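What the coordinates show
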Amino acid sequence: MSIGRKIGFLVVAMLATPSFGWAQDAAPKDETRQEIDRYCTNITDKATDARYAMQTRELEQLRADIDSRIQELEAKRKEYEVWLKRRDEFIDKAEDSLVGIISKMRPDAAAAQMALMGDEAAAALLLKLNPRVSSVILNEMPPEKSSRLARVIVGSRVVTNKERTAQ
């Protein structure tokens, strides 16, 4: 036998010998791979369950945050309703008092005061006054102001600042 042939037999013998483990490398790799696949398959359900549980906890926390904010907003809304009710009562009392004051003033003095008011406020006061008193006050006002108030009272439109300066 030649030396090359002897080396070839030696290599084949070494590969086939279990002590070197080279011949058996293919089998453990397959078994290891199968074991890894089984492990991954087994924990997939657990990982999915854990992910769902984590998402559920996060959603529950968000729900709790939203519920607490809704309660805060509801409390603020109730607070504002109480405040608005008190404000409206105050305005009603103030308007009634102002109507009483204006109705007892001399027409020229009342006209001078109402000419300085905003159109909507002055028109609202005129509507609350006795028509006889309102007509005398409108008569004492400058014609531009009384015509704007008449338009507001009739409800034709709100006069803009541009129209006021044009007149």
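All values reported here derive from a predicted model rather than from experimental measurement.

Cut-offs and rules
Residues numbered from 1 in each chain as written. Predicted model: local features only at pLDDT ≥ 70, side-chain atom pairs only at ≥ 80, totals over all residues. Heavy atoms only, no water. Helix = DSSP H or I, 4+ residues; strand = E, 2+ residues; numbered from the N terminus. Buried < 20%, exposed > 50% of the residue type's maximum accessible area, 1.4 Å probe, protein only. Contact = heavy atoms within 4.5 Å. Areas by Shrake-Rupley, 256 points an atom, 1.4 Å probe, with all protein chains shown as cover. Polar contact = N/O pair within 3.5 Å; in protein donor to acceptor, adjacent residues only side chain to side chain. Arc of directions from axis to C-beta. Salt bridge = Lys/Arg side-chain N within 4 Å of Asp/Glu carboxyl O. Core = buried A, V, L, I, M, F, W, Y, C linked by side-chain atoms within 4.5 Å. Axes fitted to C-alpha atoms, helices over the stretch in contact; angles between N-to-C directions. Parallel < 35°, antiparallel > 145°, perpendicular 65-115°, else oblique. Nonpolar A, V, L, I, M, F, W, Y, C, P; charged D, E, K, R; others polar.

Thoughts on the overall build of the protein chain
The secondary structure content of the protein chain amounts to seven helices and zero strands. Going from N to C terminus, the protein chain has its helices and strands arranged as α-α-α-α-α-α-α. The buried share among the 167 residues of the protein chain stands at 13%. A fraction of 56% describes how many contacts in the protein chain between residues 6 or more apart in sequence connect residues 24 or more apart. Summed over its atoms, the accessible surface of the protein chain is roughly 13,400 Å², and 59% of this surface lies on carbon and sulfur atoms.

Here we look at the side chain of Lys145
Within the secondary structure, Lys145 is located in helix H6 (residues 143–154). Separated by 2.9 Å, the side chains of Lys145 and Asp119 make a polar contact.

A few points about helix H3 (residues 107–115)
Burial in H3 covers these residues: Ala110, Ala111 and Met114. Buried positions in H3, seen along its axis, are confined to an arc of 100 degrees and lie on one side of it.

With respect to the environment of Ala110
Relative to the helices and strands, Ala110 resides in helix H3. Note: C-alpha distance between Ala110 and Val133 (23 residues apart in sequence) is 9.9 Å. Excluding residues that lie within four positions of it along the chain, Ala110 makes contacts with Ile102, Met105 and Ile137.

Remarks on the pattern of salt bridges
Enumeration over the complete set of coordinates arrives at six salt bridges. Two residues, Glu81 and Arg77, come together in a salt bridge whose shortest N-O distance is 2.3 Å. Residue Glu81 and its partner Arg77 are both found in helix H2 (residues 26–104); the two are separated by four residues, about one turn of the helix. Ionic pairing is found between Asp88 and Arg87, a salt bridge with its closest N-O pair at 3.4 Å. Under the relative-accessibility criterion, Asp88 is labelled partly exposed at 35%. For Arg87, a relative accessible area of 38% gives the class partly exposed.

What to know about the nonpolar core
By size, the foremost hydrophobic cluster in this structure holds 14 residues, and its most contacted members are Ile102, Met114, Leu126, Leu129, Ile137, Met141 and Leu149. The greatest single-element share of this core, amounting to four residues, is contributed by helix H4 (residues 119–128).

Considering the packing of H4 against H6
At a closest axis distance of 9 Å, the pairing of H4 and H6 adopts a crossing angle of 75 degrees. With respect to each other, H4 and H6 are oriented roughly perpendicular. Where H4 approaches H6, its residues Asp119, Glu120, Ala122, Ala123, Leu126 and Leu127 are matched on the opposing element by Lys145, Arg148, Leu149, Val152 and Ile153. The class makeup of the residues in the contact of H4 with H6 is seven nonpolar, no polar and four charged.

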